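Spelled out, the chains give:
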Amino acid sequence: MRKIRSLSAIALTGTVALTLIGCGSDKTSDPAPTDKISGTVTVFAAASLTGTFTELGKQFEAAHPGVKVVYSFGASSALAEQIKQGAPVDVFASAAPKNMQQVLDAGDITAKPVTFVRNRLEIAVPKGNPGHITGLADFGKTEPKIALCAEQVPCGAAAKTVFEVAGVTPQPDTREADVKAVLTKVTLGEVDAALVYRTDVKAAGDKVEGIDFPEADKAINDYPIAPLAKAPNSTAAAAFVTFIESDEAHTVFTKAGFDNP
C-alpha cells in the first residue's frame, strides 16, 4: 500500500508540474500591450487638406483621449522647406510627391511615404459666372481676371501642365502662395476665374461654381504622407499616419471629392 500511495503522489506532483508549465506557456504567448498614445502630434499638411484633416483630427482625438492634434496648413513647398530647416514636426502630408521627395532626400523621413488620396484641378468661378468662363481657353485671354497658384507649389505646377497640354498661355492677374488663397480671390469676387482643386470647389459650397475640363486628367496630384525621422512624438505620429490610411478616413476624403489612390 505504501508503494501505491507513493506512486500516486508522484503522479499528482507530475500533474501539478505540467499544469504550472502549461500556465507559464500561456502567459508568455500573450501579445505585448500596444504603446499608449499621448501628448501632441504636430502635422504639416497641404492647404487643400484643411477641411478634411481638421475633421479627421477631431476624430483622432476622440479615439485617443488626451491626445492633441496641432496643424500647420500651407503650400507643400513651403512646409517642406520648414521641415528641412529643422521645424519640430511629427507628420508631413504633401499635395505632391516632389515636395515629399525633397524631405526624403534631406534624410528627414525614414519610413516610406504612402499615397493616401489623389486630387485634380477644376475651374472655379464666382456664383453666377459673371465672367462667362466656359473653359481653359479663357485663361489665355486678357479680358477676364484670372488667379493661379504660384508655379513652385503643387497646384501651380499642375496648372502649368494642363496649360501646356491645352496649348494655352495663361494671363494671370495674380499668383497666390497656396490654393486656399486662390480660392479666396474667387469667393470674394476679385477674379472671374481660377484653377483650384476639385475638393476646394466642393468645400466652398454655393459661394463658387466649378467647371470641369478634359486636360485635368493629365495633371492628377498624388498626396503622400509620412512620419518624420525626428518626430518629437513618434508613437503618435505612426498612429496618425495609420489612421489617415484607414477606411474611416477614406470615407471623409471621398465625401470631400478626393479620389482613392
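All chains use their own residue numbering, which begins from 1 and follows the written sequence. Predicted model: local features are reported for residues with pLDDT of at least 70 only, side-chain atom pairs are reported and counted for 80 or more only, and whole-chain, interface and lining totals are derived from all residues. Each side-chain value is worked out from all heavy atoms of the structure, with water and hydrogens disregarded.

Undergrad: Explain the state of the cysteines to me, using residue names and the numbers behind them.
TA: We call a pair of cysteine sulfur atoms a disulfide whenever their separation is within 2.5 Å. Summed over the entire model, instances satisfying the criterion amount to one disulfide. Linked covalently through their sulfurs, C149 and C155 form a disulfide whose S-S length is 1.9 Å. One disulfide, between C149 and C155, carries an S-S torsion of -105° and so falls in the left-handed class. The same class applies to C149 as to C155, namely buried. For every residue, the accessible area obtained with a 1.4 Å probe (protein chains only) is divided by the maximum for its type, and the residue is called buried under 20%, exposed over 50%, and partly exposed between those limits.

Undergrad: Which residues make up helix α9 (residues 247–256), and what are the values?
TA: Under the DSSP-based scheme used, a helix requires at least four consecutive residues in state H or I and a strand at least two consecutive residues in state E, with every element numbered from the N terminus. Those residues of α9 lying buried are A249, H250, V252, F253 and A256. Within α9, the buried residues cover an arc of 155° as seen down the axis, which keeps them to one side. Exposed residues on α9 whose side chains face more than 90 degrees from its buried face are D247, T251 and K255. In this structure, the buried side of α9 is in contact with α2 (50–63), β4 (114–119), α7 (198–203) and α8 (234–244). Arc definition: it is the arc formed by the directions from the helix axis to the C-beta atoms. In what follows, a contact means two residues having at least one pair of non-hydrogen atoms within 4.5 Å.

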